[in-house]
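Topology and contacts: notes
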Amino acid sequence: MCGIVGYIGHQKASPILINGLLRLEYRGYDSAGIAVIEKDGISILKDKGKVNNLYNLDGIDKLEGTNGIAHTRWATHGKPSKINSHPHMDESNTFAVVHNGIIENFSELRKFLEDNNVKFISDTDTEVIPNLINYYYSKEVSRDIFSFLHAVKVACNELKGSFALEILCKDFPDNMIVVRKDSPLVIGKGVGENFIASDIPAILSFTKDFYLLNDFEYALLSRNDIKFFDNDLTEINLDTKTIEWNMEAAEKNGYDDFMLKEIYEQPTSIRETIGSTLNEDKVSFPDLNISKEYLHSLNRIYIIACGTAMHVGLATKNIFEQLCKIPVEVEVASEFRYKNPLVDSKTLCIYISQSGETADTIAALKLAKSKGAKTLAISNVIGSSITREADYTIYTHAGPEIAVASTKAYTSQVVLTTILAIYFSEILGTADTTLIDTLKKEILELPKKVDEVLTDTSAIKDFANKIYKEKDIFFIGRGLDYAITMEASLKLKEISYIHSEAYAAGELKHGTIALIENGITVISSITNPDLAHKTISNIQEVITRGAKTLVVTNQDLEGHSFDGVIRIPEVNPMLAPVVAIVPMQLLAYYVSKAKGLDVDKPRNLAKSVTVE
Ligand code: G6P
């Protein structure tokens, strides 16, 4: 989704801005643009299409300015076009603005401005922002930097919806103002230069020290200084946070695609996530100040998230219920936020979000909080919005995930959520200690097991080459294998554009089996010995109707024959999602490659979905 980059310093801004936008390409976008303050005012270069197109635009070589803003747009209001691309200016060409988010009351504001004789040229919601700032700026009595700041503040207080904004004013060529509400924005502190981005990897090569703004906090940047203000424009102090990710981790490191690199990073990302939270004797979350009394008071846990992160809830619901003896509901955030959920002080709501910026997940968190529930965030990004809203936070340590289709974040989230369930059950005293000891030992072995899956991927590649021309593919599984196939199916459809669905194997006979005909591919996961023979019977039913079958398994399938079998290591069935998903991720990857698609940036999808 939209990306933002900004630079103010002593170097030419345009190459830094374009470079930053290239690093944000993975978020998904359809247009790109930059604005730089030049000697004679603000210059804007923008167009629909790829960031690299900016290099071909007339005038790009002539930009000398050292203060600039940049944007990749993912169309919401108005189709992708040059005119709708950001940056946008006000009618008098005084202000240039890039915006990430959605202005919900833009029609109202546009009408107000049109009634005041402002003419609009784009279809965007964003264009009201520079014009509204200019409207208030023209009413300021003085022309000092405070009048710029004040006009921005008054305009922002009129906006409903979400926004992260970078604002340039031609009257103050040595300053930039940034502000956010419900949309991601970070400020990187350099020496004699400062950087802005919607996402840390865009500027990680320049600095590791970041300021994180809260909603309605304003940063007034110059080359050597950053001043912060609250919504009353009282100056405030913010501390920097140091981000430990390194740039190498955000590069491809010799892999063809980020997705493949991230799949192969899983042994490391799982190991890092386990980190110090678990050793054979002990689970500890030193920063998680949850009391025994509070856990005992709980009558329900919700796990709420979107996309792959929601599938983590499905993969870990059972382990929570078995170990903690507390009922667990898993909800899609976009549904939860509008259903007037039954939550109160006896409900713990756990929110899982790789980016920590997903709009629906954040809204669902705010809702539960307003109803008195406690909230716990599981995120991969330090200081992300969700972690700042939640009562408690724990972090996965997957490193930057760039490919739109999530892989290493999923396995890290499953591992961390499982360790959390063990931690709660130890405090509650609800779980069988032999089971807990087994799980602890097996969690520590997961990186090795995932590594084994990654050692020989030829069978997966072969099967991908057999199925890449298919139109429909079905996945089936029972119990946790059903949860695994839901994620497997999502991976496949996201990056191969093949229609695919996952079904509980036992449900096939209630409808879906009507779709099975000669040559249809059915993929299953079989990792639970108690359910294996049941799923095998369901596979036999589809084979009888002509289906081509692939089985990912660690069970004994003697006496049965399938078109493809991918063996995975033995693993406790409760932890199977971490191991069994890996060949499924690779299958989706190789199918996408066989079709010649852009694996990392699938059409219409965005990495970080910061609008509803
Ligand atoms: C998008 C991404 C998915 C991700 C989902 C939730 O749809 O493409 O990969 O699972 O958002 O993102 P989050 O950052 O909240 O985990």
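As a reminder, the structure under discussion sits directly above these lines.
Now for a description of the structure that goes with this document. Residue indices begin from 1 for each chain and proceed along its sequence in written order. It should be noted that, the model being predicted, local features are given only for residues of pLDDT at least 70 and side-chain atom pairs only at 80 or more, the latter also being counted only at that level, while totals for whole chains, interfaces and linings use all residues. Neither water nor hydrogens contribute to the side-chain values; these are computed over all heavy atoms in the structure.

1. Description of the site of the ligand
Around the ligand sit 13 residues in total, of which Ser-353, Gln-354, Ser-355, Thr-358 and Ala-606 are the nearest. In this structure, an oxygen atom belonging to the ligand sits 2.5 Å away from a side-chain N or O atom of Thr-358. Only the protein chains shown count as cover for residues, and the accessible areas themselves come from Shrake-Rupley with a 1.4 Å probe. Out of a free accessible area of 390 Å², the ligand has 90% covered by protein chains. Here a cavity denotes grid points, spaced 1 Å and computed from the protein atoms alone, that fit a 1.4 Å probe unable to get out, and a pocket denotes an open set having protein on both sides within 12 Å along at least 5 of 7 lines; residues with an atom within 4 Å of a point are the lining. Should more than half of a molecule's atoms lie within 2 Å of a pocket's or cavity's grid points, that molecule is taken to sit in it. The cavity where the ligand resides is the largest pocket. For the shell around the ligand, the per-class residue count stands at 5 nonpolar, 7 polar and 1 charged. Any residue with a heavy atom lying within 4 Å of a molecule or strand is counted as near it. Here a polar contact is taken to be a pair of N or O atoms separated by no more than 3.5 Å, where protein atoms must pair a possible hydrogen donor with a possible acceptor and residues adjacent in sequence count only if both atoms sit in side chains. Each residue is assigned to one of three groups, with Ala, Val, Leu, Ile, Met, Phe, Trp, Tyr, Cys and Pro labelled nonpolar, Asp, Glu, Lys and Arg labelled charged, and all others, Gly among them, labelled polar.

2. Here we look at the pairing of strand 13 (residues 226–229)
Judged from the 4 bridges that link them, strand 12 (residues 218–221) and strand 13 form a sheet pairing that is antiparallel. Counterpart to Ala-219 in the pairing with strand 13 is Phe-228. Hairpin connection of strand 12 to strand 13: 4 residues between the antiparallel strands. Count of turn residues in the strand 13/strand 14 (residues 235–236) antiparallel hairpin: 5 residues, of which Leu-233 carries a positive phi of about 65°. Pairing between strands requires that DSSP locate at least two bridges from one strand to the other. Helix numbers and strand numbers start at the N terminus; a helix is a DSSP run of H or I with at least 4 residues, a strand a run of E with at least 2.

3. Let's talk about helix 2 (residues 106–115)
Buried, partly exposed and exposed residues are distinguished by accessible area as a fraction of the type maximum, computed with a 1.4 Å probe on protein chains only: under 20%, between the cut-offs, and over 50%, respectively. Listed as buried for helix 2 are Phe-106, Leu-109, Arg-110 and Leu-113. Burial along helix 2 is one-sided: seen end-on, the buried residues are contained in an arc of 100°. Every exposed residue of helix 2 that faces more than 90 degrees away from the buried side is listed here: Glu-108 and Asp-115. Two residues or fewer past helix 2, Asn-117 is found with a positive phi of approximately 70°. It is the directions from the helix axis to the C-beta atoms that the arc portrays.

4. Some thoughts on the layout of surface pockets
Grid points are joined across faces, edges and corners, and a volume is the space filled by probe spheres set on the points. What the largest pocket holds in volume is close to 720 Å³. Lining the largest pocket are 34 residues, and of these Cys-306, Gly-307, Thr-308, Glu-494 and Val-609 sit closest to its centre. Elements supplying a minimum of two residues to the lining of the largest pocket: helix 8 (307–324), strand 18 (347–353), helix 10 (359–370), helix 12 (408–428), helix 15 (480–496) and strand 22 (499–504). By residue class, the composition of the lining of the largest pocket is 15 nonpolar, 12 polar and 7 charged. A volume near 370 Å³ is recorded for the second largest pocket. Taken together, 20 residues form the lining of the second largest pocket, with Trp-245, Glu-272, His-397, Ala-398 and Gly-399 sitting closest to its centre. A per-element tally of the lining of the second largest pocket places helix 6 (residues 266–274) first, with 3 residues. Looking at side-chain class alone, the lining of the second largest pocket contains 8 nonpolar, 8 polar and 4 charged residues.

5. Let's talk about the sheet that holds strand 18
The sheet built from 5 strands is open, its strands ordered 17-16-18-19-20 with parallel pairing. One side of each edge strand has no neighbouring strand; the edge strands of this open sheet are strand 17 (328–332) and strand 20 (392–395). Averaged over all neighbouring strand pairs, the angle between strand axes comes to 20°, with direction disregarded. Here 4 bridges tie strand 19 (residues 374–379) to strand 20, and the two strands are oriented parallel to one another. Bridge pairing in strand 20 places Ser-379 opposite Tyr-395. Only heavy atoms enter the contact rule, under which two residues are in contact if any of them lie within 4.5 Å. Axes here refer to lines fitted to C-alpha atoms; in helices the fit is confined to the stretch in contact. Angles between the N-to-C directions go from 0 to 180 degrees. Sheet strands in contact with helix 10 are strand 16 (300–305), strand 18 and strand 19, and its direction is about 165° off that of strand 18.

6. Considering the packing of aromatic side chains
Each Phe, Tyr or Trp ring, with Trp reduced to its six-membered ring, pairs with another whose centre is within 6.5 Å; inter-plane angles below 30 degrees give stacked pairs, above 60 give edge-to-face pairs, and intermediate values give tilted ones. Applying the stated criterion across every chain, the model contains 16 aromatic pairs. Between Phe-163 and Phe-216, the ring centres sit 5.8 Å apart and the planes meet at 80°, which makes this aromatic pair edge-to-face. Taken together, the residues Phe-163 in strand 7 (residues 161–169) and Phe-216 in the loop between strand 11 (209–212) and strand 12 connect sequence positions 53 residues apart. The exposure classification of Phe-163 matches that of Phe-216, with both residues buried. With centroids separated by 5.1 Å and ring planes inclined at 70°, the aromatic side chains of Phe-285 and Tyr-423 adopt a geometry described as edge-to-face. Of this pair, Phe-285 sits in the loop between helix 6 and helix 7 (292–297) while Tyr-423 sits in helix 12, placing them 138 residues apart in sequence. Accessibility classification places Phe-285 together with Tyr-423 in one group, the buried group.

7. Quick word on the pairing of strand 3 (residues 41–48)
Inspection of the sheet shows strand 2 (residues 31–38) paired to strand 3 by 8 bridges, in the antiparallel sense. Along strand 3, the bridge assignment pairs Ile-34 with Leu-45. Between strand 2 and strand 3, which pair antiparallel one after the other, the connecting turn spans 2 residues.

8. A closer look at empty space enclosed by the protein
As enumerated under the stated definition, the model contains 2 cavities of 30 Å³ or more in all. What the largest cavity holds in volume is close to 240 Å³. As for the largest cavity, its lining consists of 24 residues, of which Asp-199, Ile-200, Ser-355, Glu-357 and Val-381 are closest to the centre. The calculated volume of the second largest cavity comes to roughly 60 Å³. Taken together, Cys-2, Arg-73, Trp-74, Thr-76, His-77, His-86, His-99, Gly-101, Thr-124, Asp-125 and Thr-126 form the lining of the second largest cavity. The residue makeup of the lining of the second largest cavity, split by class, is 2 nonpolar, 7 polar and 2 charged.

9. Digging into the sheet that holds strand 7
With antiparallel pairing, the 7 strands of this open sheet are ordered in space as 5-6-7-8-12-13-14. Whereas interior strands pair on both sides, the edge strands pair on one side only; in this sheet they are strand 5 (88–89) and strand 14. In this structure, strand 7 lies alongside strand 8 (residues 176–181), joined through 5 bridges in antiparallel fashion. The partner of Phe-163 across the bridge, within strand 8, is Lys-181. Strands in contact with helix 4 (residues 145–156) are strand 6 (95–103), strand 7, strand 8, strand 12 and strand 13; relative to strand 7, the strand with the most contacts, it is inclined by about 160°.

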